[in-house]
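Observations on the model geometry
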Amino acid sequence: LQRAGDSRPTSSRTQLSDTRMPAVVSDLWRYAVKGLDRDSLDSVDLQPGAGFPADRRWALHFEDAEPFDPQQPARLQGAHGAGAEQVSKGGNSRWLHKSNFLCAFTAPELLGELETCFEGASDVLTVRRRSSGELLLRACLTAAADLARAEAWFSELHGRAVRVVQASGPHHFGNTPAGFSHDPSGCVIHLVNAATVASLSAAASLSSPPLHPARFRPNIVVSAAPEWSEFRWVGRRVRAGSAILEVLSRTVRCPAVNVDARHGSGKADIDVPALLSRHYPQHGPYLGVYLRVVRGGVLRVGDTIAVEPAPWVLALAAAAAAAVLAGVEVLLASHDLDESLPPLTGGAIDNGTLLRASTLLVLALLLHPLQRL
(Lines give C-alpha, C1' and ligand atoms only; values in the text may rest on other atoms or scores of the structure.)
Protein backbone atom coordinates (compact mmCIF):
# COMPACT_ATOMS: atom_id res chain seq x y z
CA LEU A 1 0.00 0.00 0.00
CA GLN A 2 1.14 3.55 -0.65
CA ARG A 3 1.19 6.00 2.22
CA ALA A 4 0.14 9.62 1.92
CA GLY A 5 3.02 11.64 0.59
CA ASP A 6 4.97 8.55 -0.47
CA SER A 7 6.34 9.24 -3.93
CA ARG A 8 7.29 5.64 -4.62
CA PRO A 9 5.23 4.04 -7.39
CA THR A 10 2.64 1.46 -6.49
CA SER A 11 3.41 -2.15 -7.33
CA SER A 12 2.10 -3.80 -10.47
CA ARG A 13 0.02 -6.08 -8.25
CA THR A 14 -1.66 -3.05 -6.65
CA GLN A 15 -2.29 -1.50 -10.06
CA LEU A 16 -3.86 -4.74 -11.30
CA SER A 17 -6.14 -4.95 -8.25
CA ASP A 18 -7.16 -1.32 -8.84
CA THR A 19 -8.45 -2.12 -12.33
CA ARG A 20 -10.24 -5.22 -11.09
CA MET A 21 -12.28 -3.33 -8.52
CA PRO A 22 -15.25 -1.53 -10.11
CA ALA A 23 -16.16 1.88 -8.78
CA VAL A 24 -19.73 2.67 -7.74
CA VAL A 25 -21.46 5.88 -8.83
CA SER A 26 -22.56 7.72 -5.68
CA ASP A 27 -23.52 11.09 -7.21
CA LEU A 28 -24.35 12.59 -10.61
CA TRP A 29 -24.14 16.39 -10.78
CA ARG A 30 -24.93 18.93 -13.48
CA TYR A 31 -23.88 22.59 -13.48
CA ALA A 32 -26.28 24.31 -15.88
CA VAL A 33 -24.58 27.70 -15.45
CA LYS A 34 -20.82 27.66 -15.22
CA GLY A 35 -19.65 28.68 -11.76
CA LEU A 36 -23.04 28.26 -10.05
CA ASP A 37 -24.38 25.42 -7.91
CA ARG A 38 -24.83 21.83 -8.94
CA ASP A 39 -28.11 19.99 -9.49
CA SER A 40 -28.28 16.36 -8.39
CA LEU A 41 -29.51 13.84 -10.96
CA ASP A 42 -30.68 10.24 -10.56
CA SER A 43 -29.61 9.26 -14.07
CA VAL A 44 -28.18 10.73 -17.28
CA ASP A 45 -28.53 9.74 -20.92
CA LEU A 46 -25.03 9.97 -22.36
CA GLN A 47 -24.39 10.47 -26.08
CA PRO A 48 -21.13 10.51 -28.08
CA GLY A 49 -19.81 14.02 -28.69
CA ALA A 50 -21.70 15.45 -25.71
CA GLY A 51 -21.27 15.81 -21.97
CA PHE A 52 -24.01 15.68 -19.34
CA PRO A 53 -27.27 17.08 -20.77
CA ALA A 54 -27.39 20.87 -20.12
CA ASP A 55 -24.13 20.76 -18.19
CA ARG A 56 -22.41 24.17 -18.31
CA ARG A 57 -24.79 25.15 -21.10
CA TRP A 58 -24.70 28.79 -19.99
CA ALA A 59 -21.94 31.05 -18.72
CA LEU A 60 -21.61 34.58 -17.34
CA HIS A 61 -19.29 36.32 -19.82
CA PHE A 62 -17.70 39.66 -18.93
CA GLU A 63 -18.69 42.24 -21.56
CA ASP A 64 -15.24 43.85 -21.57
CA ALA A 65 -13.43 40.51 -21.92
CA GLU A 66 -12.36 38.72 -25.09
CA PRO A 67 -15.38 38.39 -27.41
CA PHE A 68 -17.50 35.28 -27.57
CA ASP A 69 -19.36 34.14 -30.69
CA PRO A 70 -22.20 31.75 -29.74
CA GLN A 71 -22.33 30.44 -33.31
CA GLN A 72 -18.66 29.42 -33.18
CA PRO A 73 -18.16 28.27 -29.59
CA ALA A 74 -15.58 25.54 -30.11
CA ARG A 75 -12.50 25.81 -27.91
CA LEU A 76 -14.18 28.57 -26.01
CA GLN A 77 -12.41 28.05 -22.76
CA GLY A 78 -9.35 26.34 -21.36
CA ALA A 79 -7.78 25.71 -18.00
CA HIS A 80 -4.67 27.71 -18.86
CA GLY A 81 -3.65 30.67 -20.97
CA ALA A 82 -1.30 28.55 -23.08
CA GLY A 83 -3.02 27.73 -26.35
CA ALA A 84 -5.61 30.46 -25.95
CA GLU A 85 -5.10 31.58 -29.55
CA GLN A 86 -5.69 28.17 -31.08
CA VAL A 87 -8.26 28.09 -33.87
CA SER A 88 -11.03 25.51 -33.88
CA LYS A 89 -11.63 23.08 -36.73
CA GLY A 90 -15.06 24.46 -37.39
CA GLY A 91 -14.43 28.21 -37.52
CA ASN A 92 -12.38 31.16 -36.34
CA SER A 93 -13.50 31.12 -32.75
CA ARG A 94 -10.88 31.19 -30.03
CA TRP A 95 -10.58 29.17 -26.89
CA LEU A 96 -11.04 31.75 -24.11
CA HIS A 97 -9.51 31.46 -20.68
CA LYS A 98 -11.95 31.19 -17.79
CA SER A 99 -10.77 34.55 -16.49
CA ASN A 100 -13.14 35.96 -19.13
CA PHE A 101 -16.14 34.74 -17.12
CA LEU A 102 -17.80 35.34 -13.80
CA CYS A 103 -17.24 31.88 -12.33
CA ALA A 104 -15.63 29.95 -9.49
CA PHE A 105 -12.20 30.94 -10.80
CA THR A 106 -12.77 34.72 -10.83
CA ALA A 107 -15.15 35.15 -7.87
CA PRO A 108 -15.34 31.98 -5.76
CA GLU A 109 -16.31 33.61 -2.46
CA LEU A 110 -18.93 35.89 -4.05
CA LEU A 111 -20.64 33.08 -5.96
CA GLY A 112 -20.34 30.87 -2.89
CA GLU A 113 -22.80 33.19 -1.14
CA LEU A 114 -25.46 32.12 -3.65
CA GLU A 115 -27.58 28.99 -3.59
CA THR A 116 -28.85 28.23 -7.08
CA CYS A 117 -31.15 25.68 -8.68
CA PHE A 118 -31.82 25.03 -12.36
CA GLU A 119 -35.08 23.45 -13.56
CA GLY A 120 -34.30 21.54 -16.73
CA ALA A 121 -37.90 21.24 -17.92
CA SER A 122 -38.46 25.02 -17.91
CA ASP A 123 -34.88 26.41 -18.15
CA VAL A 124 -35.59 28.45 -15.02
CA LEU A 125 -32.71 29.49 -12.78
CA THR A 126 -33.50 30.31 -9.15
CA VAL A 127 -30.96 32.18 -7.02
CA ARG A 128 -31.22 32.50 -3.24
CA ARG A 129 -28.94 33.86 -0.55
CA ARG A 130 -27.25 30.83 0.95
CA SER A 131 -27.19 32.18 4.50
CA SER A 132 -30.88 33.08 4.73
CA GLY A 133 -32.71 31.43 1.83
CA GLU A 134 -33.90 34.85 0.60
CA LEU A 135 -35.07 34.74 -3.02
CA LEU A 136 -32.83 36.98 -5.13
CA LEU A 137 -33.57 36.03 -8.73
CA ARG A 138 -35.85 33.74 -10.70
CA ALA A 139 -35.42 33.87 -14.47
CA CYS A 140 -36.00 31.71 -17.53
CA LEU A 141 -32.70 31.61 -19.38
CA THR A 142 -34.40 31.06 -22.75
CA ALA A 143 -36.77 34.03 -22.43
CA ALA A 144 -35.35 37.36 -23.67
CA ALA A 145 -36.88 39.55 -20.95
CA ASP A 146 -35.79 37.23 -18.15
CA LEU A 147 -32.34 36.90 -19.67
CA ALA A 148 -31.93 40.70 -19.61
CA ARG A 149 -33.01 40.76 -15.97
CA ALA A 150 -30.49 38.06 -15.10
CA GLU A 151 -27.69 39.92 -16.85
CA ALA A 152 -28.50 43.14 -15.01
CA TRP A 153 -28.68 41.32 -11.67
CA PHE A 154 -25.35 39.50 -12.03
CA SER A 155 -23.71 42.70 -13.35
CA GLU A 156 -24.82 44.62 -10.26
CA LEU A 157 -23.76 41.76 -7.99
CA HIS A 158 -20.20 41.71 -9.29
CA GLY A 159 -19.80 45.35 -10.27
CA ARG A 160 -18.71 44.39 -13.78
CA ALA A 161 -21.06 44.03 -16.74
CA VAL A 162 -21.78 40.44 -17.76
CA ARG A 163 -23.81 38.73 -20.45
CA VAL A 164 -25.52 35.38 -19.99
CA VAL A 165 -24.23 33.46 -23.01
CA GLN A 166 -25.36 30.16 -24.43
CA ALA A 167 -23.55 28.19 -27.11
CA SER A 168 -25.28 26.32 -29.90
CA GLY A 169 -24.99 22.59 -30.44
CA PRO A 170 -23.39 20.21 -27.94
CA HIS A 171 -20.73 22.70 -26.80
CA HIS A 172 -20.36 23.36 -23.08
CA PHE A 173 -18.31 25.81 -21.04
CA GLY A 174 -15.76 23.37 -19.69
CA ASN A 175 -12.29 23.84 -18.24
CA THR A 176 -10.07 21.69 -20.39
CA PRO A 177 -8.90 21.30 -24.00
CA ALA A 178 -8.62 17.54 -23.47
CA GLY A 179 -11.71 16.73 -25.51
CA PHE A 180 -10.90 18.79 -28.59
CA SER A 181 -8.43 16.29 -30.05
CA HIS A 182 -11.31 13.82 -30.27
CA ASP A 183 -14.36 15.94 -31.11
CA PRO A 184 -14.90 19.56 -32.27
CA SER A 185 -17.36 20.15 -29.39
CA GLY A 186 -14.66 19.48 -26.81
CA CYS A 187 -17.31 18.08 -24.46
CA VAL A 188 -15.96 16.13 -21.51
CA ILE A 189 -17.23 14.67 -18.26
CA HIS A 190 -15.41 15.22 -14.97
CA LEU A 191 -15.05 12.35 -12.48
CA VAL A 192 -13.75 12.49 -8.90
CA ASN A 193 -13.00 9.53 -6.63
CA ALA A 194 -14.31 10.07 -3.08
CA ALA A 195 -11.53 7.86 -1.69
CA THR A 196 -8.89 10.13 -3.23
CA VAL A 197 -10.50 13.19 -1.65
CA ALA A 198 -10.61 11.41 1.71
CA SER A 199 -6.95 10.46 1.32
CA LEU A 200 -5.98 14.09 0.76
CA SER A 201 -8.00 15.16 3.81
CA ALA A 202 -6.22 12.60 5.97
CA ALA A 203 -2.78 13.49 4.62
CA ALA A 204 -3.39 17.20 5.27
CA SER A 205 -5.01 16.56 8.69
CA LEU A 206 -8.27 18.19 7.60
CA SER A 207 -11.05 16.69 9.67
CA SER A 208 -13.26 19.55 10.87
CA PRO A 209 -14.60 19.46 8.26
CA PRO A 210 -12.82 17.14 5.82
CA LEU A 211 -12.65 17.99 2.14
CA HIS A 212 -15.80 17.08 0.22
CA PRO A 213 -15.86 15.82 -3.38
CA ALA A 214 -18.23 18.67 -4.29
CA ARG A 215 -15.36 21.15 -3.84
CA PHE A 216 -13.90 19.83 -7.11
CA ARG A 217 -17.12 20.35 -9.12
CA PRO A 218 -17.30 16.89 -10.74
CA ASN A 219 -20.11 15.43 -12.82
CA ILE A 220 -19.56 11.94 -11.43
CA VAL A 221 -18.51 11.00 -7.90
CA VAL A 222 -17.46 7.38 -7.38
CA SER A 223 -16.90 5.34 -4.26
CA ALA A 224 -15.55 1.83 -3.56
CA ALA A 225 -12.51 2.41 -5.80
CA PRO A 226 -9.02 2.55 -4.23
CA GLU A 227 -7.60 6.04 -3.73
CA TRP A 228 -5.85 7.46 -6.81
CA SER A 229 -6.78 4.39 -8.87
CA GLU A 230 -8.60 6.65 -11.34
CA PHE A 231 -5.24 8.00 -12.52
CA ARG A 232 -4.39 4.52 -13.79
CA TRP A 233 -7.52 4.61 -15.95
CA VAL A 234 -6.08 7.36 -18.16
CA GLY A 235 -5.81 6.09 -21.72
CA ARG A 236 -8.26 3.26 -21.01
CA ARG A 237 -11.96 2.82 -21.64
CA VAL A 238 -14.46 2.21 -18.87
CA ARG A 239 -17.97 0.81 -18.88
CA ALA A 240 -20.19 3.24 -17.00
CA GLY A 241 -23.70 1.87 -16.68
CA SER A 242 -24.58 0.97 -20.27
CA ALA A 243 -22.24 3.61 -21.76
CA ILE A 244 -18.58 3.36 -22.73
CA LEU A 245 -16.31 6.28 -21.79
CA GLU A 246 -12.67 6.98 -22.57
CA VAL A 247 -10.52 8.44 -19.80
CA LEU A 248 -8.61 11.30 -21.43
CA SER A 249 -6.46 12.98 -18.80
CA ARG A 250 -5.99 13.93 -15.16
CA THR A 251 -7.55 17.16 -13.89
CA VAL A 252 -5.22 19.97 -12.88
CA ARG A 253 -6.60 21.98 -9.96
CA CYS A 254 -6.75 25.77 -9.86
CA PRO A 255 -7.49 28.18 -6.96
CA ALA A 256 -11.24 27.84 -7.59
CA VAL A 257 -11.23 24.68 -5.44
CA ASN A 258 -9.87 26.61 -2.46
CA VAL A 259 -13.45 27.63 -1.62
CA ASP A 260 -16.32 25.33 -0.65
CA ALA A 261 -19.47 27.21 0.37
CA ARG A 262 -21.64 24.15 1.07
CA HIS A 263 -19.24 21.98 3.03
CA GLY A 264 -16.50 24.39 4.05
CA SER A 265 -16.18 27.93 5.36
CA GLY A 266 -17.07 29.65 2.10
CA LYS A 267 -13.70 31.39 2.22
CA ALA A 268 -10.47 30.72 0.32
CA ASP A 269 -8.80 29.35 3.45
CA ILE A 270 -7.35 26.09 2.07
CA ASP A 271 -4.73 26.03 -0.70
CA VAL A 272 -5.76 22.74 -2.28
CA PRO A 273 -3.27 22.73 -5.21
CA ALA A 274 -0.42 23.32 -2.74
CA LEU A 275 -1.66 20.51 -0.47
CA LEU A 276 -1.76 18.13 -3.42
CA SER A 277 1.76 18.98 -4.49
CA ARG A 278 3.07 18.78 -0.93
CA HIS A 279 1.51 15.49 0.13
CA TYR A 280 1.43 13.76 -3.26
CA PRO A 281 4.45 15.04 -5.20
CA GLN A 282 4.23 11.99 -7.47
CA HIS A 283 0.94 13.39 -8.78
CA GLY A 284 1.38 17.15 -8.41
CA PRO A 285 -1.66 19.49 -8.30
CA TYR A 286 -3.99 16.99 -9.97
CA LEU A 287 -7.20 15.42 -8.68
CA GLY A 288 -9.95 13.87 -10.81
CA VAL A 289 -10.04 12.77 -14.45
CA TYR A 290 -11.75 13.90 -17.64
CA LEU A 291 -13.66 11.47 -19.83
CA ARG A 292 -15.49 11.54 -23.15
CA VAL A 293 -18.42 9.42 -24.31
CA VAL A 294 -17.43 6.77 -26.87
CA ARG A 295 -20.68 4.81 -26.92
CA GLY A 296 -23.93 6.19 -25.60
CA GLY A 297 -26.00 4.74 -22.81
CA VAL A 298 -27.69 5.45 -19.51
CA LEU A 299 -25.75 6.01 -16.29
CA ARG A 300 -27.55 5.88 -12.96
CA VAL A 301 -26.62 6.45 -9.34
CA GLY A 302 -25.61 3.04 -8.01
CA ASP A 303 -24.22 1.81 -11.34
CA THR A 304 -20.68 0.50 -11.51
CA ILE A 305 -17.78 1.86 -13.53
CA ALA A 306 -15.31 -0.82 -14.57
CA VAL A 307 -12.18 -0.69 -16.71
CA GLU A 308 -12.58 -2.34 -20.10
CA PRO A 309 -9.91 -4.79 -21.32
CA ALA A 310 -6.96 -3.13 -23.02
CA PRO A 311 -6.92 -3.50 -26.84
CA TRP A 312 -3.73 -5.57 -26.78
CA VAL A 313 -5.36 -8.02 -24.39
CA LEU A 314 -8.33 -8.47 -26.71
CA ALA A 315 -6.01 -9.01 -29.67
CA LEU A 316 -3.92 -11.54 -27.73
CA ALA A 317 -7.02 -13.43 -26.59
CA ALA A 318 -8.43 -13.53 -30.12
CA ALA A 319 -5.15 -14.80 -31.54
CA ALA A 320 -4.82 -17.49 -28.86
CA ALA A 321 -8.39 -18.64 -29.35
CA ALA A 322 -7.98 -18.77 -33.12
CA ALA A 323 -4.78 -20.84 -32.82
CA VAL A 324 -6.34 -23.36 -30.44
CA LEU A 325 -9.51 -23.74 -32.53
CA ALA A 326 -7.41 -24.19 -35.66
CA GLY A 327 -5.54 -26.98 -33.89
CA VAL A 328 -8.82 -28.64 -32.97
CA GLU A 329 -9.95 -28.55 -36.60
CA VAL A 330 -6.64 -30.14 -37.71
CA LEU A 331 -7.16 -32.88 -35.14
CA LEU A 332 -10.71 -33.49 -36.32
CA ALA A 333 -9.61 -33.59 -39.94
CA SER A 334 -6.96 -36.24 -39.27
CA HIS A 335 -8.88 -38.44 -36.85
CA ASP A 336 -12.39 -39.80 -36.89
CA LEU A 337 -13.26 -39.41 -33.24
CA ASP A 338 -16.59 -41.18 -33.61
CA GLU A 339 -14.78 -44.31 -34.80
CA SER A 340 -11.76 -44.14 -32.47
CA LEU A 341 -13.78 -43.30 -29.32
CA PRO A 342 -17.07 -44.56 -27.98
CA PRO A 343 -19.94 -42.03 -28.05
CA LEU A 344 -19.13 -39.76 -25.10
CA THR A 345 -22.68 -38.49 -24.75
CA GLY A 346 -24.50 -41.68 -25.55
CA GLY A 347 -24.88 -40.60 -29.17
CA ALA A 348 -26.82 -37.39 -28.41
CA ILE A 349 -23.91 -35.25 -29.68
CA ASP A 350 -21.13 -36.45 -31.98
CA ASN A 351 -17.66 -36.39 -30.48
CA GLY A 352 -16.36 -33.71 -32.86
CA THR A 353 -19.04 -31.21 -31.83
CA LEU A 354 -18.44 -32.08 -28.19
CA LEU A 355 -14.71 -31.39 -28.57
CA ARG A 356 -15.36 -28.03 -30.20
CA ALA A 357 -17.79 -26.99 -27.46
CA SER A 358 -15.47 -28.17 -24.69
CA THR A 359 -12.55 -26.27 -26.23
CA LEU A 360 -14.57 -23.06 -26.36
CA LEU A 361 -15.57 -23.49 -22.71
CA VAL A 362 -12.00 -24.07 -21.58
CA LEU A 363 -10.79 -21.07 -23.60
CA ALA A 364 -13.44 -18.85 -22.02
CA LEU A 365 -12.37 -19.93 -18.52
CA LEU A 366 -8.67 -19.44 -19.27
CA LEU A 367 -9.01 -16.08 -21.01
CA HIS A 368 -11.56 -14.55 -18.62
CA PRO A 369 -8.90 -13.18 -16.18
CA LEU A 370 -7.23 -11.30 -19.04
CA GLN A 371 -10.18 -8.91 -19.31
CA ARG A 372 -8.98 -7.21 -16.12
CA LEU A 373 -5.59 -6.28 -17.59
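In the block above lies the structure referred to throughout.
Values in this document were obtained by computation on a predicted structure and should not be read as measured data.

1. Some remarks on the sheet that holds strand S11 (residues 162-166)
Sheet strands pair by backbone hydrogen bonding; their relative direction is either parallel or antiparallel. Spatially, the three strands line up as an open sheet ordered S7-S4-S11, and their pairing is antiparallel. Here the strands that pair on one side only, and so sit at the sheet edges, are strand S7 (101-102) and S11. Relative to S7, strand S4 (residues 58-62) runs antiparallel, the two sharing two bridges. Bridge pairing links leucine 60 to leucine 102 in S7. Helix-sheet contacts for helix H3 (residues 144-158) involve S4, S7 and S11, and the interaxial angle to S11 is about 135 degrees.

2. A few points about the side chain of glutamate 246
Positionally, glutamate 246 belongs in strand S15 (residues 243-252). Only 2.8 Å separates the side chain of glutamate 246 from the side chain of arginine 292, close enough to count as a polar contact.

3. Describing the nonpolar core
Of all hydrophobic cores here, the largest spans 40 residues; its most connected members are Leu46, Ile220 and Ile305. With four residues, the top contributor of residues to this core is strand S16 (residues 286-295). Residue contacts for isoleucine 220: discarding those within four places in its chain leaves Val25, Asp27, Leu28, Phe52, Ile189, His190, Leu191, Val192, Leu299 and Ile305. Grouped together as the second largest cluster of nonpolar side chains are 23 residues, Leu60, Ala65, Leu136 and Phe154 included.

4. Quick notes on helix H5 (residues 272-279)
Buried within H5 are the following residues: Val272, Pro273, Leu275, Leu276 and His279. All buried residues of H5 lie within an arc of 160 degrees about the axis, which places them on one face of the element. Buried residues belonging to H5 abut helix H4 (194-203) and S16. Its side-chain oxygen at 3.2 Å from the backbone nitrogen of alanine 274, aspartate 271 defines the N-terminal cap of H5.

5. Focus: the pattern of salt bridges
Following the criterion strictly, the structure yields eleven salt bridges and no others. Of the charged contacts in the structure, one is a salt bridge between arginine 57 and aspartate 123, with a shortest N-O distance of 3.6 Å. Within this pair, whereas arginine 57 is found in the loop between strand S3 (43-46) and S4, its partner aspartate 123 is found in the loop between strand S8 (114-119) and strand S9 (124-129), the two being separated by 66 residues in sequence. Aspartate 146 serves as the salt-bridge partner of arginine 149, at 3.4 Å between the closest nitrogen and oxygen. With arginine 149 and aspartate 146 both in helix H3 and three residues apart, the pair spans about one turn of that helix. Its relative accessible area of 41% is what places arginine 149 among the partly exposed residues.

6. A word on the packing of aromatic side chains
Two measures describe an aromatic ring pair: the distance that separates the ring centres and the angle between the ring planes. For the structure on display, the rule yields five aromatic pairs. Aromatic side chains phenylalanine 101 and phenylalanine 173 sit 6.0 Å apart centroid to centroid with 65 degrees between the ring planes, which places their arrangement in the edge-to-face category. Of this pair, phenylalanine 101 sits in strand S7 while phenylalanine 173 sits in the loop between S11 and strand S12 (189-193), placing them 72 residues apart in sequence. Of the two residues examined, phenylalanine 101 and phenylalanine 173, each falls in the buried class. Geometrically, the ring pair formed by tryptophan 228 and phenylalanine 231 is edge-to-face, given 5.3 Å between the ring centres and 65 degrees between the ring planes. For the pair tryptophan 228 and phenylalanine 231, a shared accessibility class is recorded, and that class is buried. Through successive ring pairs, a cluster of aromatic residues spans Trp228, Phe231 and Tyr280. The ring of phenylalanine 62 has arginine 160 sitting right over it, with the charged end atom 3.8 Å from the ring centre. The aromatic ring of phenylalanine 231 is capped on one face by arginine 250, whose charged end is 5.3 Å from the ring centroid.

7. Points about the environment of valine 188
Mapped onto the fold, valine 188 is located in the loop between S11 and S12. Taking C-alpha positions, valine 188 is 5.3 Å from glycine 51, a pair spaced 137 residues apart along the chain.

8. Observations concerning the environment of leucine 200
Structurally, leucine 200 is set in helix H4. As for leucine 200 and glutamate 227, which are separated by 27 residues in sequence, their C-alpha atoms are 9.4 Å apart. Contacts of leucine 200, omitting those with residues within four sequence positions, involve Leu211, Val272, Leu275, Leu276, Tyr280 and Leu287.

9. Some thoughts on the side chain of threonine 116
Assignment of secondary structure puts threonine 116 in strand S8. Polar contacts involving the side chain of threonine 116 include one to the main-chain amide nitrogen of aspartate 37, which spans 2.9 Å. Among residues more than four places away in sequence, those in contact with threonine 116 are Leu36, Asp37, Arg38, Asp39, Leu125, Thr126 and Val127.

Thresholds applied
- Residues numbered from 1 in each chain as written.
- Predicted model: local features only at pLDDT ≥ 70, side-chain atom pairs only at ≥ 80, totals over all residues.
- Heavy atoms only, no water.
- Pairing = 2+ DSSP bridges.
- Helix = DSSP H or I, 4+ residues; strand = E, 2+ residues; numbered from the N terminus.
- Contact = heavy atoms within 4.5 Å.
- Axes fitted to C-alpha atoms, helices over the stretch in contact; angles between N-to-C directions.
- Polar contact = N/O pair within 3.5 Å; in protein donor to acceptor, adjacent residues only side chain to side chain.
- Core = buried A, V, L, I, M, F, W, Y, C linked by side-chain atoms within 4.5 Å.
- Buried < 20%, exposed > 50% of the residue type's maximum accessible area, 1.4 Å probe, protein only.
- Arc of directions from axis to C-beta.
- Salt bridge = Lys/Arg side-chain N within 4 Å of Asp/Glu carboxyl O.
- Phe/Tyr/Trp six-rings, centres within 6.5 Å; stacked < 30°, edge-to-face > 60°.
- Lys NZ or Arg CZ within 6 Å of the ring centre and 35° of its normal.

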